[in-house]
Every structure is written in structure tokens, then in C-alpha cells.
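Tertiary structure, described
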Amino acid sequence: MRAMKESVIEQPGLPPAQGEDAHLSIALANSAIALPGGLTVDHLGTPSQANQWLTERGLAPVDAGMREMCATQLRSLREQIRSLFASHVSGMPAHPAAITAVNDAMTRVPTAPLLQWDDTTGPYRTIPHPTTAMVDHALATLAAGAADLLTGPDAARLTACGSTPCNRYLLRHGRRHWCSTRCGDRARAARAYARRSNAH
């Protein structure tokens, strides 16, 4: 089982879904991809994968030395953001725990420049960004991005990929509601198969 999961992880990834480049929260929501056959690719599955994912998006240095606890926090925020996206797309009320998780992530780090004091140069203001708080800053950025998306002009275009079993989100562009050409082809093939089956 372990070998199978690793072979799935090494498959070439899907191209980014529409909107991932503009909204990191969509990229985070899509970092675990359901594949046919019940397989899943999780780009945050290990601390090194989570570190690489953050690094590729400018949210962490290459040598951040991500620990499992940090990767778990990132995966947890992903699930809460996915829950909010699902509620929004379906028009259902959001789960209070998901809202709390996003708000907690946003307020965990200071946004106001705090007063600091250097013994040589005196007082100055800066936003603290110690290495130990790197993951908190990444989580805050991703959570704020989700809040901005859900309350901004792109919220009406947020949708789930219309191809089973895909679980990715995207910003709808025209009538397209698939995250990739591969999912669109799979959905069209399934519809054609259903039409042929019903005709007999």
C-alpha cells in the first residue's frame, strides 16, 4: 500500500486550476487531489512536501525545516478552507469551526508594526517575523486569502470541478466548470457513455 501511494505522489501533477494563480487559498484547497480508483495525491503529505509547497508559493524558505506538527496545521487549515468553499458553492451555512479556524489563523500573527528597541539605534517599529513563526505567517496569509476570496468579487465564480471523482475548486470562466482538460474529457466521456447505455 505504501509503495502504491508513493507512485501516485510521483505522477505528473495536473495544471493549476483556474484561479489558483490569483488565489493561494484555492491552491491550498486543491493540494490534495482525488484520482480515479480511490487514490489521492497529497502535496502536503509529509513535512518536506509541505515545505516545498510553501516555498514554491513564496511562503517559506527552502531550508525551513518543516516539522510534522507544522505540516499537520497546514493540512488542517486546508480542510477548514475546503469546508468553507463547499458551503459557499452549495449555498449552505458554513460550519462554525471552519470560520473559527480561519479567523484564528489570521489573528495568530501581529499585523501592526510593533515597537521594538535596539540598544544602539533606539526605538523602531517592525512586524516581527521570527523563523519560528514562519508557519503562523504562512497560515495567516492563506487564511486571509480565503477570507478575501469568499468576500470579494471572485466569490460568485468559485465552483467545484464538475468531473467525478475530482475534488478541486476553481474560478468558473464562462461555462467551463472543470479544473482541467483531463477532467473535462472524463466528464464528456461519462456523459457519452451514459447516453449510449440509455439508448439500448
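To keep things clear, this report deals only with the structure shown in the data block. Note that the coordinates shown come from a computational prediction; the quantities given were computed from them, not determined experimentally.

What counts, and at which threshold
Residues numbered from 1 in each chain as written. Predicted model: local features only at pLDDT ≥ 70, side-chain atom pairs only at ≥ 80, totals over all residues. Heavy atoms only, no water. Helix = DSSP H or I, 4+ residues; strand = E, 2+ residues; numbered from the N terminus. Areas by Shrake-Rupley, 256 points an atom, 1.4 Å probe, with all protein chains shown as cover. Salt bridge = Lys/Arg side-chain N within 4 Å of Asp/Glu carboxyl O. Buried < 20%, exposed > 50% of the residue type's maximum accessible area, 1.4 Å probe, protein only. Polar contact = N/O pair within 3.5 Å; in protein donor to acceptor, adjacent residues only side chain to side chain. Pairing = 2+ DSSP bridges. Expected span 1.5 Å × (residues − 1). Arc of directions from axis to C-beta. Contact = heavy atoms within 4.5 Å. Phe/Tyr/Trp six-rings, centres within 6.5 Å; stacked < 30°, edge-to-face > 60°.

**Considering the overall build of the protein chain**
- Secondary structure summary: the protein chain contains seven helices and six strands in total.
- Counting from the amino terminus, helix and strand elements in the protein chain follow one another as α-α-β-β-α-α-α-β-β-α-β-β-α.
- With the model as given, the accessible surface of the protein chain reaches about 11600 Å², and the carbon-plus-sulfur share is 57%.

**Here we look at the pattern of salt bridges**
- Inspection of every chain in the model, using the stated rule, returns seven salt bridges.
- Of the charged contacts, one joins arginine 78 and aspartate 42 as a salt bridge, the two residues approaching to 2.8 Å between their closest N and O atoms. Of this pair, arginine 78 sits in helix 4 (residues 68-90) while aspartate 42 sits in strand 2 (residues 39-42), and the two are 36 residues apart along the sequence. This pair shows no difference in class: arginine 78 is buried, exactly as aspartate 42 is.
- Between glutamate 68 and arginine 75 there is a salt bridge, and its shortest N-O distance comes to 2.4 Å.
- According to the relative accessible area criterion, glutamate 68 is partly exposed, its value standing at 37%.
- Three or more residues are tied together by salt bridges with common partners; here these are Asp42, Arg78 and Glu79.

**Quick look at the side chain of glutamate 20**
- For glutamate 20, the position within the fold is in the loop between helix 1 (2-9) and helix 2 (24-29).
- By relative accessible area, which is 10% here, glutamate 20 ends up buried.
- Among the polar contacts made by the side chain of glutamate 20, one reaches the side chain of asparagine 30 at a distance of 2.9 Å.

**What to know about the pairing of strand 3 (residues 114-118)**
- Bridging between strand 3 and strand 4 (residues 122-126) involves five bridges; their strand directions are antiparallel. The residue of strand 4 that forms the bridge with glutamine 116 is tyrosine 124.
- In this structure, the hairpin formed by strand 3 and strand 4 is closed by a connection of three residues.

**Considering helix 5 (residues 96-107)**
- In a regular helix each residue adds 1.5 Å, so twelve residues correspond to 16 Å; helix 5 covers 16 Å between its end C-alpha atoms and thus fits that length.
- Buried within helix 5 are the following residues: Ala98, Val102 and Ala105. Looking straight down helix 5, one finds its buried side chains confined to an arc of 65°; they lie on one side. Seen from the buried face of helix 5, the exposed residues on the opposite side, beyond 90 degrees, are Pro96 and Thr107.
- For helix 5, the secondary structure elements touched by its buried residues are helix 4 and helix 6 (134-151).

**Some thoughts on the packing of aromatic side chains**
- Evaluated as defined, the whole model comprises one aromatic pair.
- On the basis of an interplanar angle of 75° and a centroid distance of 5.5 Å, the ring pair of phenylalanine 85 and tyrosine 169 is categorised as edge-to-face. Residue phenylalanine 85 is located in helix 4, and its partner tyrosine 169 is located in strand 6 (residues 169-171); the two are separated by 84 residues in the primary sequence. Judged on exposure class, the residue phenylalanine 85 and its partner tyrosine 169 are both buried.

So, to be careful, I would describe these as geometric facts and stop short of saying anything about function.
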